[in-house]
Amino acid sequence: MTSPASPMRVRVHRGCHEVGGSCVEVEAEGARLVLDVGRPLTAGPDDLAALPDVPGLADGSDPSLLGVLISHGHLDHYGLVDQVHSSVPVFAGRAASAIVEAARFFSPRGPALRPTGYLVDGQTFALGPFRVTPHLVDHSAFDAYAVVVEAAGRRLMYTGDLRGHGRKRSFARMLAAPPAGIDALLMEGTHVGSERHEPVTESRVEFDLAATIRSTAGLAMVASSAQNIDRLVTVYRAARRAGRILLVDLYSATVAEATGRSTIPRPGFPGLGVWMPRRQRVQVKESGEFHRTAAVRRYRVFTEELVAHPERYVVLGGSSAAHELLRDRALTAGGALVWSMWSGYLADPSGGRLREAARSAGVPLVEHHTSGHASVRDLGRLAAAVNPGRLVPIHTQGPQQFAEHFANAAPQQDGAWWEVAPHRALASSSAASRSPRCP
Ligand SMILES: [Zn+2]
């Protein structure tokens, strides 16, 4: 029911001009919701990052705040959730939460994500005056959602992070049957203003990686993020194509198990074993959680076997595992080190150390990667399909460039409230002044 006295209002606390640290506050009919409580990417691991100034978020003092929705398990979307007061309900995907929880054994600095309720694809639920509908999207984080929030006769859609070049069909499904009647679309624009070339598909990464493995005589080591489940699938399929056994580390095996999906490759799958880096063996020993190693014992392959028969294997792990394999001479000339993460990490000091270690061992470093974020072309398809009354940039460093690519772009400022105006009212006024400029 439309309530002119209390329309839906939105303020983006962080993200109008920045990738990372996303946080959006939505208000309607005297109630409020928060979408994401991300940690800014500019904050170092030891820096204190405070919650945005949302009444009741940190101290639970304002009952009009009905909950926090977490779109997906990337730190720049949930990283401040441990500062949210325990009386404020938190909602996130079940598998996303399980993955974050499982990862904390290996990477204990990340906050816990223990939601009070779960987001389920297509299942609308009510929070006070809000009706919330999560839509599963393809992203480099597993179990990621866009959400549609309805209240006061207005309809807001928030994309979270998404892409159209992954394996899941969720993007094509959304284009074919987009949420209807969206008055305002908060759309991520990670690549807007910075895209040099269109990202390759995840399938392309699989084919290219398989070719690299086939042309490698020795061990192939793929450095990737353990929480990038799509990449695990890609590397497994590429190893199978090349006729090799994939060895994952304990972190990757644990996260795959946490997805709860029987289709995700894990120990027990054909041609898949476990190689444990020293660091993870130490973590198990120091914690006394020996059930972790016991669970994968029958699938384990040891470094001595990699040294003896490097041509049989592909190892998937983090960059510290790559250092270890180079040091222990399992990864030597004739082998290949594949970088399957954002290339920017290779430019930082630790990336420089890895490049140098590979170079001095005579091991070529090859990059096979694609982004977790939509190309500008795919964003254009999404914007055209949803056809919102107003398109507001978020998670972008190029808000001003939105108007060059998409209709009805309306950049906003961090911290400023704006009303979600009804689509038709905007449509009639937009003929006179299309694409307002970022203030
Ligand atoms: Zn993300």
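Preceding block: the structure.
Every value quoted in this text rests on a predicted model; they were computed, and no experiment measured them.

Chemist: How do you make sense of the layout of surface pockets when you look at a structure like this?
Modeler: Once rolled over the atoms, a probe with the size of a water molecule shows which space is left empty. Approximately 260 Å³ is the volume found for the second largest pocket. Lining the second largest pocket are 15 residues, with Phe142, Asp230, Val233, Thr263 and Ile264 positioned closest to its centre. For the lining of the second largest pocket, the element with the highest residue contribution is helix H5 (residues 229-241), accounting for 5 residues. Considering only residue class, the lining of the second largest pocket consists of 8 nonpolar, 1 polar and 6 charged. When residues of the lining of the second largest pocket are sorted by domain, at least three fall in each of domain 1 (9-195 + 372-430) and domain 2 (202-367).

Chemist: What's the story with the pattern of salt bridges in this structure? I'm lost.
Modeler: A side chain of one charge can pair with a side chain of the opposite charge if their charged atoms are brought near each other. Tallying each qualifying case throughout the model produces 26 salt bridges. Across the salt bridge formed by Arg154 and Glu419, the nearest N and O atoms sit 3.2 Å from each other. In this pair, Arg154 sits in strand S10 (residues 154-158) while Glu419 sits in strand S19 (residues 417-419), placing the two residues 265 residues apart along the sequence. For Arg154, a relative accessible area of 8% puts it in the buried group. In this structure, the salt-bridge partner of Glu289 is Arg292, at a minimum N-O distance of 2.8 Å.

Chemist: Any chance you could explain the coordination of the zinc ion here in plain terms?
Modeler: Under ideal tetrahedral coordination, the four donors around a metal are separated by 109.5 degrees; under ideal octahedral coordination, the six donors are separated by 90 or 180 degrees. Protein-derived coordination of the zinc ion comes from His72 (NE2), His74 (ND1), His139 (NE2) and Asp161 (OD), at a distance range of 2.2 to 2.4 Å. Seen from the zinc ion, its 4 donor atoms lie at angles of 90 to 166 degrees, and the figure they make is irregular. Donor residues for the zinc ion, ordered by position in the chain, follow H-x1-H-x64-H-x21-D. Judged by relative accessible area, His72 falls into the buried class, the value being 1%. Judged by its relative accessible area of 25%, His74 falls in the partly exposed class.

Chemist: In this structure, what is going on with the nonpolar core? I would like to understand it.
Modeler: General note: in soluble globular proteins, nonpolar side chains tend to be found buried as a group. Grouped together as the largest cluster of nonpolar side chains are 38 residues, with contacts concentrated most on Leu246, Val248 and Val314. Elements represented by at least two residues in this core include exactly helix H2 (94-103), helix H4 (202-214), strand S12 (220-223), H5, strand S13 (245-248), helix H6 (250-258), strand S14 (272-274) and strand S15 (313-317). It is H5 that provides the largest number of residues to this core, a total of 7 residues. The residues that make up this core include at least three from each of domain 1 (9-195 + 372-430) and domain 2 (202-367). Those residues in contact with Val248 that sit more than four places away from it in its chain are Leu232, Ala253, Leu272, Gly273, Val274, Trp275 and Leu316.

Chemist: Would you mind going over the sheet that holds strand S7 (residues 125-127) with me for this structure?
Modeler: Pairing is mixed across the open sheet formed by 6 strands, whose spatial order is S7-S8-S9-S10-S11-S18. Looking at strand neighbours, the two that pair on one side only are S7 and strand S18 (390-394), the edges of this open sheet. Averaged over all pairs of adjacent strands, the angle between strand axes in this sheet comes to 25 degrees, irrespective of strand direction. For S10 and strand S11 (residues 184-188), the ladder comprises 3 bridges, and the chain directions are parallel. Note that in S11 the partner of Leu156 across the bridge is Ala184.

Chemist: Mind showing me how you'd approach the sheet that holds S12 here?
Modeler: For sheets, the rule is that strands pair by backbone hydrogen bonds, running either parallel or antiparallel. Ordered in space as S14-S13-S15-S12-S16-S17, the 6 strands form an open sheet in which the pairing is parallel. The open sheet has two edge strands with one neighbour each: S14 and strand S17 (365-367). Pairwise comparison of adjacent strand axes, ignoring direction, gives a mean angle of 25 degrees for this sheet. In terms of strand pairing, strand S16 (residues 336-339) meets S17 through 3 bridges, oriented parallel. Considered in S17, the bridge of Leu337 is made with Leu365.

Chemist: Help me understand the packing of aromatic side chains, please; the structure alone is not making it clear to me.
Modeler: Where two aromatic rings form a pair, the distance of their centres and the angle of their planes describe that pair. Tallied over the entire structure, the rule returns 6 aromatic pairs. Here Trp342 and Tyr345 contribute two aromatic rings whose centre-to-centre distance is 5.2 Å and whose plane-to-plane angle is 90 degrees, an arrangement assigned as edge-to-face. On the accessibility criterion, Trp342 (52% relative accessible area) is exposed. Overall, Tyr345 belongs to the partly exposed group, its relative accessible area being 42%. Their ring planes at 70 degrees and their centres at 5.2 Å tell us that Phe402 and Phe406 sit as a pair that is edge-to-face. Residues Phe402 and Phe406 agree in their burial class; the two are buried. One cation-aromatic arrangement involves Arg9 over Trp417; the distance from NZ or CZ to the ring centre is 4.2 Å. When the ring centre of Phe105 is taken as origin, the NZ or CZ atom of Arg292, which lies over that ring, is 3.7 Å away.

Rules behind the numbers
Residues numbered from 1 in each chain as written. Predicted model: local features only at pLDDT ≥ 70, side-chain atom pairs only at ≥ 80, totals over all residues. Heavy atoms only, no water. 1 Å grid on protein atoms, 1.4 Å probe; cavity = no way out; pocket = protein on both sides within 12 Å on 5 of 7 lines; lining within 4 Å. Points joined across faces, edges and corners; volume = space filled by probe spheres on them. Helix = DSSP H or I, 4+ residues; strand = E, 2+ residues; numbered from the N terminus. Nonpolar A, V, L, I, M, F, W, Y, C, P; charged D, E, K, R; others polar. Domains from an automatic or database assignment. Salt bridge = Lys/Arg side-chain N within 4 Å of Asp/Glu carboxyl O. Buried < 20%, exposed > 50% of the residue type's maximum accessible area, 1.4 Å probe, protein only. Donors = N, O, S within 2.8 Å, 3.2 Å for Na, K, Ca; no water. Tetrahedral: all angles 85-135°; square planar, octahedral: opposite > 155°, others 65-115°. Core = buried A, V, L, I, M, F, W, Y, C linked by side-chain atoms within 4.5 Å. Contact = heavy atoms within 4.5 Å. Pairing = 2+ DSSP bridges. Axes fitted to C-alpha atoms, helices over the stretch in contact; angles between N-to-C directions. Phe/Tyr/Trp six-rings, centres within 6.5 Å; stacked < 30°, edge-to-face > 60°. Lys NZ or Arg CZ within 6 Å of the ring centre and 35° of its normal.

None of the figures reported here should be taken as evidence of function without further support.
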